[in-house]
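Letter by letter, the chains look like this.
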Amino acid sequence: MNKEEKQKLYDVIIIGGGVIGCSIARYLSRFNLKLLLLEKHNDVGDEASGANSGIVHSGYDPLPGTKKAYFNVRGNKMFDEVVKELDVSFKRIGSLTLSFSDEDDKTLLELKKRGDENGVETKILSKEETLKLEPNLSKEIHGALFASSAGIVSPFALTNNLMENALDNGAELLLNTEVTKIKKKVEFYRVFEKNGLFFDTKLVVNAAGLYSDKIQNLVGESDFKITPRKGEYFVLDHFDNNFIKHTIFMCPTKVGKGVLISQTASGNYLVGPSNDECAVDDVSTDSLTLSEIKKTALKICPSLPFEETIREFSGIRPNSDIDDFIIKESEKNPGFYTVGGIMSPGLASSLAIGEYVSELIEKKLNLEINKNFNQYIRKHLSLAKLGEEKYNELIKEDPRYGHMVCRCEKVSEGQILDAIHRNSGARTIKGVKKRVRPGFGKCQGTFCEAGIAQILARELKVDLSEICYSDLGTNVLLKAHKGSEND
Ligand SMILES: Cc1cc2nc3c(=O)[nH]c(=O)nc-3n(C[C@H](O)[C@H](O)[C@H](O)COP(=O)(O)OP(=O)(O)OC[C@H]3O[C@@H](n4cnc5c(N)ncnc54)[C@H](O)[C@@H]3O)c2cc1C
């Protein structure tokens with residue numbers, strides 16, 4: 001390797017900017033190293049990490065002794081501190097897993113036993129105790145398993161803010177960069193993207209979610225196979241935040257945790273998911289599956305107001321045939337790490353996985369501490385928390401905070417500008433939506449998307465016709481129209 005090649009050599013390249021890749025990047029940025037994350041989409045968190053239930057599971061469900069159990073329980077505990085550092089909304093609302101039969105009662109006892117072994121506090125509640133906590137639940141229930149440590153988090157904010165913090169601390173990110181080939185050289189790996197550009201690195205971390213088996217194949221290994229499984233959901237408006245206060249689960253079965261009803265971190269209600277095998281990129285929803293979800297949800301909560309539905313969506317689980325997380329350095333290809341098949345509870349486990357993998361790599365490369373590491377990101381402004389007086393002062397200082405772009409979710413131009421001009425900032429309409437929520441409300445972006453496109457074009461200094469909804473090619477306009485700000 002010549003001097004110039006040595007200068008360009010990365011210590012670590014992470015493939016995949018889901019919550020797992022971003023968490024590994026954030027924890028690795030605590031050390032002095034040259035670090036690059038490659039993501040094929042136009043933003044981080046656009047696959048499983050951006051379309052899930054957002055539950056920080058307590059950890060009573062995974063089988064004791066599995067990686068899922070260990071990382072879930074450790075990860076859950078890390079949330080209180082990390083969400084303050086990363087300014088992510090998170091609430092420990094607790095969960096109730098319901099029993100509807102004698103068989104379910106037995107399952108709850110089994111889950112309680114597992115919880116005890118995993119070190120998770122749970123309590124079996126009678127029907128009366130459960131209904132006292134949640135009076136809108138079905139009167140047909142037998143009782144429930146209560147886990148106070150379960151929480152809800154914004155998966156978008158978590159993934160993005162982990163990446164922002166990694167970038168603040170010196171990591172690099174390349175979007176629209178799909179890895180298609182990896183060559184093993186004597187001292188390093190050469191990672192190619194689809195247009196032939198390549199990057200050299202001492203270590204590779206495969207955090208490619210649904211494609212983690214394919215990335216492993218690129219170095220001639222095939223230890224596991226991903227079987228994508230789709231979960232479809234209803235999203236209900238934030239109509240009453242006392243209607244259901246806990247995350248409500250059915251008893252889990254062999255195929256998964258079943259349909260849940262829960263508030264999201266932003267106060268909407270989420271109902272779903274289904275669990276069906278699907279093509280790796282099929283994020284469609286269908287009325288038959290949704291009507292089955294509705295039937296189950298109405299069994300749980302007969303008065304659930306489905307007329308408040310504002311959206312349906314689906315996410316795809318990167319389930320593997322190993323039935324546990326795969327987190328290991330390859331024996332055949334030292335320096336190649338797979339962190340794949342990270343199915344549920346992957347979100348809940350993400351912080352612990354990031355911490356663990358970063359420490360494996362620290363030891364491998366004998367890394368020094370990054371003395372300038374700052375675990376905090378710059379706080380986001382919450383207009384709701386400011387109070388009227390302070391908000392008026394802010395508008396006097398910067399009138400763009402008084403210009404409401406999204407009336408449903410009350411998002412000002414000032415907040416959108418902030419979301420664009422951060423590290424890992426938004427560059428698409430979906431990117432703005434995921435960061436500060438315009439378009440998540442009742443009108444689903446009908447009234448605000450055109451304005452957001454104009455702000456993006458102005459701030460990114462590109463023509464309006466270049467603004468995409470999400471990935472490259474999803475341009476919202478074919479041509480800037482007369483009268484637009486970019487004429
Ligand atoms: C319906 C559903 C509900 C869920 N609910 C919960 C829950 O409530 N709680 C919980 O703890 N977990 C939940 N999960 C699981 C959780 O979402 C996942 O475990 C987690 O998001 C996995 O993160 P990841 O980073 O491994 O994968 P992903 O988020 O899929 O990220 C992988 C990234 O790699 C990128 N990539 C792939 N191939 C390449 C390539 N060749 N080059 C460059 N980039 C590439 C992808 O574009 C993607 O951004 C749920 C999942 C689903 C789908």
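Right above here is the structure, for reference.
As a convention, each chain's residues are numbered from 1 in the sequence order in which they are written. Local features in this predicted model are restricted to residues of pLDDT 70 or higher, and side-chain atom pairs are both shown and tallied only at a pLDDT of 80 or more, whereas totals for entire chains, interfaces and linings draw on every residue.

(A) Representation of the pairing of strand 1 (residues 10-15). Note on burial: count the other C-beta atoms lying within 10 Å of the residue's C-beta; 20 or more is buried, 12 or fewer is exposed, in between is partly exposed, and C-beta positions come from the backbone. We count a stretch as a helix when DSSP gives it H or I for four or more residues in a row; a strand needs E for two or more, and each element gets its number in order from the N terminus. A large share of strand 1 lies buried, amounting to 5 of its 6 residues. A pair of strands counts as paired when DSSP detects no fewer than two bridges linking them. Of the pairings in the sheet, the one linking strand 1 to strand 2 (residues 35-38) comprises 4 bridges and is parallel in character. Looking at the pairing, Ile15 lines up with Leu38 of strand 2. A right-handed crossover is one whose linking path, passing over the helix from the first strand to the second, runs clockwise when the strands point away from the viewer. The parallel pair strand 1 and strand 2, bridged by helix 2 (residues 19-28), forms a crossover whose chirality is right-handed.

(B) How the structure looks around the packing of helix 2 against helix 6 (residues 155-168). Relative orientation of the contacting elements helix 2 and helix 6 amounts to 35°, with a least axis distance of 8 Å. The handedness of the crossing between helix 2 and helix 6 is left-handed. Side by side, helix 2 and helix 6 meet where Val19, Cys22, Ser23, Ala25 and Arg26 of the first sit next to Pro155, Leu158, Thr159, Leu162, Met163, Asn165 and Ala166 of the second. In this classification, Asp, Glu, Lys and Arg are treated as charged, Ala, Val, Leu, Ile, Met, Phe, Trp, Tyr, Cys and Pro as nonpolar, and every other residue, Gly included, as polar. Within the contact of helix 2 with helix 6, the residues separate by chemical class into 8 nonpolar, 3 polar and 1 charged. For helices, the fitted axis covers only the stretch in contact; all axes are lines through C-alpha atoms, and the angles between them, taken along N-to-C directions, range from 0 to 180 degrees. Here a crossing is called left-handed whenever its near helix is offset anticlockwise from the far helix by less than a right angle, and right-handed whenever the offset is clockwise. Contact between two residues is assigned whenever their backbone-derived C-beta positions fall within 7 Å.

(C) Quick peek at the nonpolar core. We define a nonpolar core as a collection of buried residues of the types Ala, Val, Leu, Ile, Met, Phe, Trp, Tyr and Cys that are connected via C-beta atoms lying within 7 Å of each other. Counting 109 residues, the largest nonpolar core has Val12, Ile15, Ile24, Ala25, Val204 and Val205 as the members making the most contacts within it. For this core, the element with the most residues is helix 9 (residues 346-365), which contributes 8 residues. What marks off one domain from the next here is an automatic or database domain assignment. Here this core spans two domains, and each of domain 1 (3-48 + 156-225 + 323-365) and domain 2 (90-152 + 226-317) adds at least three residues to it. Aside from chain neighbours lying at most four places away, what touches Val12 is Leu28, Leu33, Leu35, Thr201, Leu203, Val205 and Ile361.

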